[in-house]
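# Examination of the molecular architecture
As a plain string of letters, each chain reads:
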Amino acid sequence: MERHEFSALIGRLERQADDNPQVYALKVGALAALGYASIFLLAVIILVTFWYTFSPLLSGERFRAPLVVACAVGLVTLVGMIRALWVRIAEPSGLRVSPEETPRLFEAIDEVAEKIGGVRVDSVSVSAEFNACIVQTPSWGIFGNYRNHLEIGLPLAMVLTTDELKAVIAHEMGHLSQAHGKFGAWIYRQRVTWHALESKFSNPVGIFDQILGAFYGWYAPYFYAYSFVLARNHEYVADRAAANVTSPAAIGAALTKLELAGRFLSEVFWKRLYDQVERQPDPPYMPHALMPRAFKAAEQQWARPDWLQQSLRRYAADEDTHPSLAERLAALDIEPATPVHDPDRSALKLFHPSTSSLVKFFDDEWQQDTAPKWRKRHTEIAEAKAKLTLLEDAQNPALNEKEIWEKVLLLLEIDRDVEAKETLEQLLSRDGEHPKAHLLMGRMLLDRNDDRGLKHLLLAIEQDLELADEAGRAGYVYLMRRGRDKEAKRFWAKAQDLYENPRHMRDSLAD
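Predicted model only: the values in this text are computed from it and were never measured.

This brings us to the overall build of the protein. Check the secondary structure of the protein and you find 21 helices and 4 strands. Per-residue burial over the protein gives 47% buried out of 511 residues. A separation of at least 24 residues holds for 73% of the contacts in the protein among residues at least 6 apart in sequence. For the protein, the accessible surface area stands at approximately 26,700 Å², while carbon and sulfur atoms represent 54% of it.

The subject of this paragraph is a nonpolar patch on the surface. Taken together, the side chains of Leu34, Trp218 and Tyr222 define a hydrophobic patch exposed on the protein surface, amounting to about 280 Å² of accessible area. Its relative accessible area of 30% is what places Leu34 among the partly exposed residues.

Inspection of the secondary structure assignment puts Pro343 in the loop between helix 13 (325-331) and helix 14 (355-392). On the basis of relative accessible area, Pro343 is assigned to the partly exposed category, the value being 36%. A sequence separation of 182 residues divides Pro343 from Thr161, and the C-alpha atoms of the two residues are 8.2 Å apart.

Here we take up the confidence of the model for the protein. Summing up the model confidence of the protein, the mean pLDDT is 83 and the portion of residues at 70 or higher is 78%. By mean pLDDT, helix 21 (residues 505-510) is the weakest element of the protein at 49, and helix 5 (residues 154-159) is the strongest at 96.

This brings us to the sheet that holds strand 1 (residues 95-97). The strand order across the open sheet built from 4 strands is 1-2-4-3, with neighbouring strands paired in mixed fashion. With one partner strand each, in any of the chains shown, strand 1 and strand 3 (132-138) form the two edges of the open sheet. Averaged over all neighbouring strand pairs, the angle between strand axes comes to 35 degrees, with direction disregarded. Sheet topology places strand 3 next to strand 4 (residues 146-153); 7 bridges connect them, and they run antiparallel. Its bridge partner lying in strand 4, Cys133 is registered against Glu151.

Within the structure shown, the criterion is met by 10 aromatic pairs. Directly above the ring of Trp307 sits Arg263, whose terminal nitrogen or CZ lies 4.1 Å from the centroid.

This paragraph deals with helix 15 (residues 401-413). Here helix 15 is 13 residues long and its end C-alpha atoms lie 18 Å apart, about the 18 Å a rise of 1.5 Å per residue gives. Those residues of helix 15 that fall on the buried side of the exposure criterion are Ile404, Lys407, Val408, Leu410 and Leu411. Considered in projection along helix 15, the buried side chains sweep an arc of 165 degrees and stay on one side of the axis. On its buried face, helix 15 sits against helix 14, helix 16 (417-428) and helix 17 (435-447).

If you walk through the whole model with that rule in mind, you get 24 salt bridges. Residue Lys376 is joined to Glu380 by a salt bridge in which the shortest nitrogen-to-oxygen separation is 2.6 Å. Here Lys376 pairs with Glu380, and both are found in helix 14, just 4 residues apart, close to one helical turn. Since its relative accessible area comes to 53%, Lys376 is described here as exposed. By relative accessible area, which is 27% here, Glu380 ends up partly exposed. Taken together, the shared-partner salt bridges connect Lys376, Arg377, Glu380 and Glu413 into one network.

It is worth spelling out the nonpolar core at this point. Leu154, Leu165, Met173, Phe264, Phe295, Trp302 and Phe351 are the most contacted members of the largest nonpolar core, which totals 87 residues. It is helix 9 (residues 248-274) that provides the largest number of residues to this core, a total of 12 residues. Once residues lying within four places of it in the same chain are set aside, the contact partners of Phe264 are Phe269, Ala294, Phe295, Ala298, Gln301, Trp302 and Trp307. In terms of nonpolar packing, the next biggest core, distinct from the first, is built from 19 residues, Leu439, Ala474, Tyr478 and Met480 among them.

Turning to the pairing of strand 2 (residues 123-127), a few remarks are in order. Counting buried residues in strand 2 gives 5 out of 5 residues, a clear majority hidden from the surface. Covered by surrounding structure in strand 2 are Ser123, Ser125 and Ser127 together with Val124 and Val126, the residues of both alternating faces. By the bridge criterion, 3 bridges tie strand 1 to strand 2 in an arrangement that is antiparallel. The residue bridging Val97 from the neighbouring strand is Val124, located in strand 2. Of the pairings in the sheet, the one linking strand 2 to strand 4 comprises 5 bridges and is parallel in character. Counterpart to Ser127 in the pairing with strand 4 is Gly153.

Turning our eyes to something else, we now look at the environment of Asp342. Structurally, Asp342 can be placed in the loop between helix 13 and helix 14. With relative accessibility at 27%, the residue Asp342 sits in the partly exposed group. Separated by 47 residues in sequence, Asp342 and Phe295 have C-alpha atoms that sit 9.5 Å apart.

With their axes 11 Å apart at the nearest point, helix 17 and helix 19 (residues 468-481) run at an angle of 10 degrees to one another. Relative to helix 19, the element helix 17 lies roughly parallel. Within the contact between the two elements, helix 17 uses Leu439, Arg443 and Leu446 and helix 19 uses Glu470, Ala471, Ala474, Gly475 and Tyr478. When grouped by side-chain class, the residues that make up the contact of helix 17 with helix 19 number 5 nonpolar, 1 polar and 2 charged.

Here is what the cut-offs are and how they apply
- Residues numbered from 1 in each chain as written.
- Predicted model: local features only at pLDDT ≥ 70, side-chain atom pairs only at ≥ 80, totals over all residues.
- Heavy atoms only, no water.
- Helix = DSSP H or I, 4+ residues; strand = E, 2+ residues; numbered from the N terminus.
- Buried < 20%, exposed > 50% of the residue type's maximum accessible area, 1.4 Å probe, protein only.
- Contact = heavy atoms within 4.5 Å.
- Areas by Shrake-Rupley, 256 points an atom, 1.4 Å probe, with all protein chains shown as cover.
- Patch = residues over 30% accessible without salt bridge, like charges linked within 9 Å, V, L, I, M, F, W, Y side chains within 5 Å.
- Salt bridge = Lys/Arg side-chain N within 4 Å of Asp/Glu carboxyl O.
- pLDDT = per-residue confidence, 0-100.
- Pairing = 2+ DSSP bridges.
- Axes fitted to C-alpha atoms, helices over the stretch in contact; angles between N-to-C directions.
- Phe/Tyr/Trp six-rings, centres within 6.5 Å; stacked < 30°, edge-to-face > 60°.
- Lys NZ or Arg CZ within 6 Å of the ring centre and 35° of its normal.
- Expected span 1.5 Å × (residues − 1).
- Arc of directions from axis to C-beta.
- Core = buried A, V, L, I, M, F, W, Y, C linked by side-chain atoms within 4.5 Å.
- Parallel < 35°, antiparallel > 145°, perpendicular 65-115°, else oblique.
- Nonpolar A, V, L, I, M, F, W, Y, C, P; charged D, E, K, R; others polar.

Rendered as structure tokens:
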């Protein structure tokens, strides 16, 4: 199913869910059951065959050997199907913790679980992610017996208060509680399971994977679409469950901090650290040890009204079941407000007495993974700057085309994109064909939301037919992501026409 078809279907189903929620729920339930239909149908056929094979023996009639063969074949097929559908979902990759290591955290989890309706948590882990989630892993594949694994990101606990973190945990538990009703909780689990199956069947390893992959490759997108509206409504239900367990103010502040502090980490904190790779051969500080102080010292950089207003104006993505921040706060009847960060009330205290050891663990893990890459990148930048110095000593007119192209790549290597674009323009102004330069210019312009990049992509194909697929896909994806579906199809068709009919390239580009 194409992205535009998925979006259109979602729109129709949202209207249908509003107009007649009962009919919509029935359709979702029927489609969910369809996922089990092939196994159920085969099992019924085998049972009927067994009956016709062995029931005559009870009345002394002749044994029917051909049906025995049919039963054997059916059983082998059924076992093969069940094994193919025995999907495994990985548990969270964070560091597992115990009640002895973090007693206050487990007390808080037990308190939330009791208030929300006795949701069982089988394991708790801590991660370096700015997030919290519950992952359900089925022991019996699509047939269930789920175990619940709660993962809490340590950076999230650094910026949230204890009540706010409890609200986030309550939201995650709300997906599994009776707040959704048994049907809603079942659909929630099925979405996770079918998604895992789709990933498994994308790389089939056996004949049954290939056969079932053909069916579920068609089935899964429709199930996602039909259950999408229900899943998005579940987010509102889970928010209300969290508000009942803690307070509307707690879940509202947590949602707001997730937006703003999360943006601060990605756009400011981590960027500032990695920007120092050019100057420092080794990381200058350990990020997780510094993070609590950074949240407080830079509070005015993330708890700011303009960022809040930008978040409130942002719409939910078509493929994201989470509503926008504005929609979620409105559903809770909460007036948006810039959050206040108080490090003395942070949820880090819930990890006592293991807080320091957890911070050290994630910093050591980060350093072990990052330090070799950091040093390699530092060396690459130094070498690129040295080569670039030699090229910059000569004026561009004195450089040949190969040298100018090398200069462009070196400038991009050290993130001097503006100069790279100017140098690339000088290369393209020269006579002759420069297909790779046109491809790069096309990508750079499209990254800046400049439609002129589409023309450069077509010129790249004109000058080198081997770039047709890469350039065609770049333009197609650019247009599709902006909802310009018809233009995307026309662009792809034009790219293919350029490849298949090189004699008419000039005419096609002139359209």
